[in-house]
Every structure is written in C-alpha cells, then in structure tokens.
2 protein chains.
Amino acid sequence: MKIIVDGMGGDDAPQVIVDGACQAAEELPEGVSIVLVGREDVLKSELKKLHYKGDKIEIVNADDVITNDESPVRAIRRKKESSIVKGIEMVKNGEGEAFVSAGSTGALLAGGLLILGRINGIDRPSLATIYPVVGREPSLILDAGANAECRASNLREFGVMGSIYMERVMGRPNPTVGLVNIGTEEGKGTALTKEAFKLLSESDVNFIGNIETRELQNGAADVIVTDGFTGNALIKLTEGIGAMVLREMKNRFTKNIKNKLGALLLKDQLLGIKKEFNYSEYGGAPILGVKGVVLKSHGSSDAMAIKQTILKAIPFVENRVVDTIATAISELAAEDTADSADL
Amino acid sequence: MKIIVDGMGGDDAPQVIVDGACQAAEELPEGVSIVLVGREDVLKSELKKLHYKGDKIEIVNADDVITNDESPVRAIRRKKESSIVKGIEMVKNGEGEAFVSAGSTGALLAGGLLILGRINGIDRPSLATIYPVVGREPSLILDAGANAECRASNLREFGVMGSIYMERVMGRPNPTVGLVNIGTEEGKGTALTKEAFKLLSESDVNFIGNIETRELQNGAADVIVTDGFTGNALIKLTEGIGAMVLREMKNRFTKNIKNKLGALLLKDQLLGIKKEFNYSEYGGAPILGVKGVVLKSHGSSDAMAIKQTILKAIPFVENRVVDTIATAISELAAEDTADSADL
C-alpha cells in the first residue's frame, strides 16, 4: 500500500508534513510506504534536514501548489501540476491507495469530486470531522462544511457513511447515530430535520434519535449527523471555546506568585485538559462518498497530527470503507425503489 | 411602573422567584414595584419565610400553572387562570408594564403572540439571548430558537430589534451586528445567509458582515444574527462545553493532596472562571417584536438571575424599546415600498 502525502499543503508545510511523514514511516507495517508529492528539491532538503535514512518514503515531483485563497474548482481544473491534483490523480490511477493533505479543504473536495468522482448513488460527498469529547472517545460529525445546504436524503447518506467509517476505521462496533436538533422529541425542528429523522429511523444505521448540542460533550452519539452549515458552526465554536478556555487559564493562573505556585502543583492536570482539547491524536477528516481514500488534516496540523492522519489511511484502505459505502448506498437505493413500487 | 413576575415558572419556583423578587425590591427606584402572579397562599407563605416586610411587592392570584411539557399554544388558549396568561393579560390591559417569567419559553412566545400580538410589520418575533463572552461584555444572539426556519427578511428584523435592545437596555452605543456564516467573505454560505447579508448591508444597522462561530468568544459582534435552529444549537453547545469545563476542572483538581493544594492557591481564579460562564448576571432573554415587554429568565435561574431579569425590565420599559422597534420597522417597510416603486 502506498499512501500519497501532499508535501505542500498546510500552514507549516513542507516542514511539519515531512516531519510527520518521517514519524509515520517509523510505525508503518510491512508493505506500506509513503509517497511525498511536491517540489522535489524542497522535499529532499527537508528529508535531509531530518536525517531520514529509511526506504519507506519516496518523492514525486509536483511544481505547483494550490493555496487556500483560490477558487477550488478552478484550481483543480487548471493547476494540473499541483501537489493536490497530482496526488489525487495517482490514487485514481492506482499508483497509490490513499491521499493525505493538510491543504485547502475546498480543493480536496473539488479534487475528490472532479478527479475520483462520486460513488454511485451518492448525491453529496461529505467532509467528516472527528469531534473530541472530553474524557471519552471522540464522536464523528458530518457534514462538517462541504454542503451548506442539504436535503434529508443527504443527511441519511451522512449517517450511513459516518457509521461505516466509525466502525471500520475508528473501531467502534455498531456506532450510534444522532441527528442534531433543537429538541429531543420526534417532530421537533425544521422540515429538513423532521424528514431526516424519518429517513434515518427507516435506515439500517443504529439511529438513536434527535440530540441537542448541549449533549455533544457528553458523547451523545458516535456519529453526529447535521447539515454542513450547522456542523461547521458547531465545530468552529468548539475550537473557539477551547482556545478561549486555555487562554483564560493561562492568563489567570500566572497573575501572581501564589497563582503560579498553584498552577505548578496542577501542572499535570492542566496539561491533561490541554490535551483533551487537542484534535490531532485521532487523525484527519475523511472525505466520504468519493471513489477513493482522501483524508484532510487540519491546516494548522503539527507533525504528530500529520503522522496520525497518515496512519489512519491504513484501516481506511484495508477495511474497504469505499467499497462498503458503495454497497450500502446501492442497497439503500434498491430499498427506495422497492418502497416506491409498493405504492 | 409595575413589573409583573411569574411566581410559578422555573425549575425552582416559587422559592427562588420570590427570593429574587425580594432582592430586586431592595434595589427598585422610586415609583417601581413588583406584582407576583401565582397561587396566593403559596406566594404569601414564601414571602413570610423570607421575612419580607416592604411595600414594593403585591400578589395577584392565579390558580393554574403552565408546565414545560404541554403544547404552548393550547396551554395559552385554555389555561386562562395560569400565571403566564394572567401576567401577560395584565401587561396588555395596562395593569403592568412588563412581564418576567422563568417558565416555559414556548408558552411565553405563544402568550406574547396571541395575547399582546406582533408589532405592525414584524413577521417573526424573536427570542434574544445574552451570550457571555469571557473577559468581555456579552453579545446578544437572536434568534435563540423561537423560529427554527427563517427568511432573510426575518434575519434583517432580528438585526434591527437586537440593535435597539443592545443600545437601549444594555447601554451599548451603535452596536455592531454580525451574521453567523461558514466563512467571512460575502457570498459564503446558504441562499438564506447570502440574501440576509444583502438586506443587512442595505439596512441602517451597524452591520460588520459575516462572522465565524470561532470568533464568538472573541466578542465578534454586539448583536449576533442567525436563524433559530443555528442560534439554539450554538447557545446549547456553549452551555454544554461550559458545564464540561467546570466538571473537568473539579474532577481533575481534586485528584490528590497536591492537586487540591494547587486548586486552593488558585481558588479566586477558579471562581472567576466559573463566574465567567455564569449567564445570570446580565438579566434574562427578551422576546422582541411583540407589543409589550416580556423577559424570559432561564428555567434553572437562581434568585440572583431572577433579580437581574426583573431589574432589566426597567430600561426595557423606560427606554421605550417596543415603540422604537415599531418605528424602525415601519421605516424599513416604507423603504422597501419606495425601493419597489423605483423598479
């Protein structure tokens, strides 16, 4: 198995990407290797700086880089020599089994759609994000922002794809699926959530009903289904509050000698809290619903986060998530057809 | 001025309500008094327990109570002897200038709509909630859940009403208005947010554009405009994370003697953090867009929160928020008509 890694994407590329790839290389099982895509001279020099001596990393040259500021669709269409286009093309052509990037989310989505294409029957591929739950196993939220406007059938797809990813990649058997809503009772919310509730109830996923966002930090469900507007707003709010809490503790706990001494005595616990807010240990965000394995790592990923995302590609490929989604969606389509025929 | 207070609404009614009313009575300016509505014998006995001896609180009997579990519209229509219906009726009839309740939000909204009626030109009255920003002045979010589905013109109304409340009741001159969106650039988001961006830009409010939820804890805007589904989800998520942080600190900081000593040295700072997450000091959530002053206090309000909500009714009435909204909305309607005539 070859995992293609975008050497040029992310706030601190290429340094942390190459560093993360080297760290991942140490832990790769037999038969798995890494291909770094990007400017060959730059990547080579980074590998040299890190004194990488192994044989698990090769480099494929790509002269161009897609930035966060350009139109994703146009960039994918025009920048054929970019690391993102070349990397996703390699997955399509069977030169690698997975693509990992900390670059533009929009470009990765557009690349997944335009180069790999949607799985048959999938209306809207989705960006799924690991949502850390303090003191517990994380949840998976989808959609995280790929689809600002959704239909109820999209939300059902998200539930199906999220369940498969959670079970096969995160190792969570029979994952629970909850629908974000403004009340727990059936019949609450918008036309979208009412219809999605019905479709999810009738589907094969382990649907546990509506969940209020107040419960997200109690591990309300393994898979949290919502439209991309709401999902994006919830994830960014959580990030913002996490940053605020850490900043506030830092400011308050260094006010005077007494406070500083107190913080020293609580050092382990404070580091523990900081770690709980750290998304990076769970690996990146999968783009689900396209015909290939694409994992997005946070733009501000450190080397550890890059390593974890690279390693998550292995069960994503080995446990045949893409094929499993394709089968589940075609079964869903068959059921829909049978249901219509019943009428 | 008479402030009508629902003695029976809230998780800890009537005790904390009567307690809060007594505390508010101590701080009322000349000419302002409180009317407690509810079961007379119960309220009298609570007042007696608290040894209230002043002349600022009278009691009006209401035999019935509306609970959180019943259909709000049906409850308002049928329970004519309930404290909520009687209290809002008193505002309508001029027997009081404001109604304060920690009871069912749905019933308060339904009561506002059915008994007081909408201000002319207002399509959707809104529940506006104070959103605490750590280390800074709070923002106001609307809609907080009264309208799960909104049109762009509703979001414009929320911006106008929120600005007036923020300026006149919270004393924030020329408040900034931000629109919750999944990116800051114009043209981001859903059909709803794109159209609302346009309408808010053209309106008289101090619109500063789209804001991402990551910035809410940085005091992104004085008035945060969004649909009721998103607003409700954001508020409840913030509550959930706040509760989790406090719980986590409590658990971690009492693990062993060393930690406990550290926490002791940080006691003031820890209480400060706890206070920052406390919504109660800013007073309740106004229902804006109805022909009268209605303030909702959180169901789990303590006596201090009830007191603050009662006191907030004073500028709400004195600074003529309802009339100001009526004038602003009729000007908006006149502009819309003029704009259509231009075509």
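These numbers come from a predicted model, not from an experiment.

## Some remarks on unusual backbone geometry
Now for step 1: Note the cis peptide between A:Leu142 and A:Asp143, where omega equals 10°.
Now for step 2: At A:Asn174, a position not held by glycine, the phi torsion is positive, near 45°.
Now for step 3: Within the secondary structure, A:Asn174 sits in the loop between helix H6 (152–168) and strand S8 (176–180).
Now for step 4: A relative accessible area of 53% places A:Asn174 in the exposed class.
Now for step 5: Positive phi values are uncommon outside glycine, yet B:His51 reaches one of about 55°.
Now for step 6: Following the sequence through the fold, B:His51 ends up in the loop between helix H2 (40–49) and strand S3 (57–61).
Now for step 7: Overall, B:His51 belongs to the exposed group, its relative accessible area being 60%.

## Structural notes on the packing of aromatic side chains
Residue and element names in this part refer to chain B.
Now for step 1: Taken as a whole, this structure holds four aromatic pairs over all chains when the rule is applied.
Now for step 2: Seen from their ring centres, Tyr165 and Phe316 are 5.2 Å apart, and the 80° between their planes marks the pair as edge-to-face. Placement of Tyr165 in helix H6 (residues 152–168) and of Phe316 in helix H11 (residues 303–318) is noted, with a sequence separation of 151 residues between them.
Now for step 3: Ring geometry for Phe197 against Phe207: centres 5.2 Å apart, planes inclined by 80°, an arrangement best described as edge-to-face. Residue Phe197 is located in helix H7 (residues 191–202), and its partner Phe207 is located in strand S9 (residues 206–211); the two are separated by 10 residues in the primary sequence.

## So, the interface of chain B and chain A
Now for step 1: Listed per partner, the contact involves 51 residues of chain B and 52 residues of chain A.
Now for step 2: For the chain B and chain A pair, buried surface summed over both sides reaches about 4600 Å², with 67% attributable to carbon and sulfur atoms.
Now for step 3: The interface formed by chain B and chain A holds four salt bridges in total.
Now for step 4: Among the ionic pairs, A:Arg214 bridges to B:Glu239, the shortest N-O distance being 3.3 Å.
Now for step 5: For the pair chain B and chain A, the number of links is 20 residue pairs in polar contact (both at pLDDT 80 or more).
Now for step 6: The element contributing the most residues to the side of chain B that touches chain A is helix H8 (residues 228–252) of chain B, with 18 residues.
Now for step 7: When grouped by side-chain class, the residues that make up the side of chain B that touches chain A number 23 nonpolar, 16 polar and 12 charged.

## Some details on the domain arrangement of chain A
Residues and elements named next belong to chain A.
Now for step 1: Here chain A is partitioned into domain 1 (1–122 + 289–320) and domain 2 (126–281).
Now for step 2: Using C-alpha coordinates to define each centre, domain 1 is positioned 26 Å away from domain 2.
Now for step 3: Contacts between the two partners involve 17 residues from domain 1 and, on the opposite side, 11 residues from domain 2.
Now for step 4: Roughly 1200 Å² is buried in total at the junction of domain 1 and domain 2, and carbon and sulfur atoms are behind 65% of that figure.
Now for step 5: If you look at where domain 1 meets domain 2, you find zero salt bridges.
Now for step 6: Between domain 1 and domain 2 we count two residue pairs in polar contact (both at pLDDT 80 or more) in total.

## A few points about the sheet that holds strand S12 (residues 293–296) of chain A
Pairing between the strands of a sheet is mediated by backbone hydrogen bonds and can be parallel or antiparallel.
Residue and element names in this part refer to chain A.
Now for step 1: Taken together, seven strands build an open sheet; the order of strands is S3-S2-S1-S4-S12-S11-S5 and the sheet is mixed. The open sheet is flanked by strand S3 (57–61) and strand S5 (126–127), the only strands paired with a single partner.
Now for step 2: Note: S5 against strand S11 (residues 285–288), two bridges, orientation antiparallel. Looking across to S11, one finds that Ser126 is bridged to Leu288.
Now for step 3: The strands touched by H6 are S5, S11 and S12; relative to S11, the strand with the most contacts, the crossing angle is about 130°.

## A word on the relation of the copies chain B and chain A
Now for step 1: At an RMSD of 0.0 Å, chain B and chain A line up after a rotation of 180° and a shift of 0.0 Å along the axis. The superposition operator between the copies reduces to a two-fold rotation axis. Of the C-alpha atoms belonging to chain B, the one lying closest to the rotation axis is found on B:Gly262, 1.9 Å away.
Now for step 2: The fraction of interface residues of chain B whose copies in chain A are also interface residues reaches 100%, indicating that both copies meet through the same surface.

Calculation criteria
- Residues numbered from 1 in each chain as written.
- Chains lettered and ligands numbered in written order.
- Predicted model: local features only at pLDDT ≥ 70, side-chain atom pairs only at ≥ 80, totals over all residues.
- Heavy atoms only, no water.
- Helix = DSSP H or I, 4+ residues; strand = E, 2+ residues; numbered from the N terminus.
- Buried < 20%, exposed > 50% of the residue type's maximum accessible area, 1.4 Å probe, protein only.
- Phe/Tyr/Trp six-rings, centres within 6.5 Å; stacked < 30°, edge-to-face > 60°.
- Contact = heavy atoms within 4.5 Å.
- Buried area = accessible area lost by both parts, 1.4 Å probe.
- Salt bridge = Lys/Arg side-chain N within 4 Å of Asp/Glu carboxyl O.
- Polar contact = N/O pair within 3.5 Å; in protein donor to acceptor, adjacent residues only side chain to side chain.
- Nonpolar A, V, L, I, M, F, W, Y, C, P; charged D, E, K, R; others polar.
- Domains from an automatic or database assignment.
- Pairing = 2+ DSSP bridges.
- Axes fitted to C-alpha atoms, helices over the stretch in contact; angles between N-to-C directions.
- Least-squares fit on C-alpha atoms with pLDDT ≥ 70 in both.

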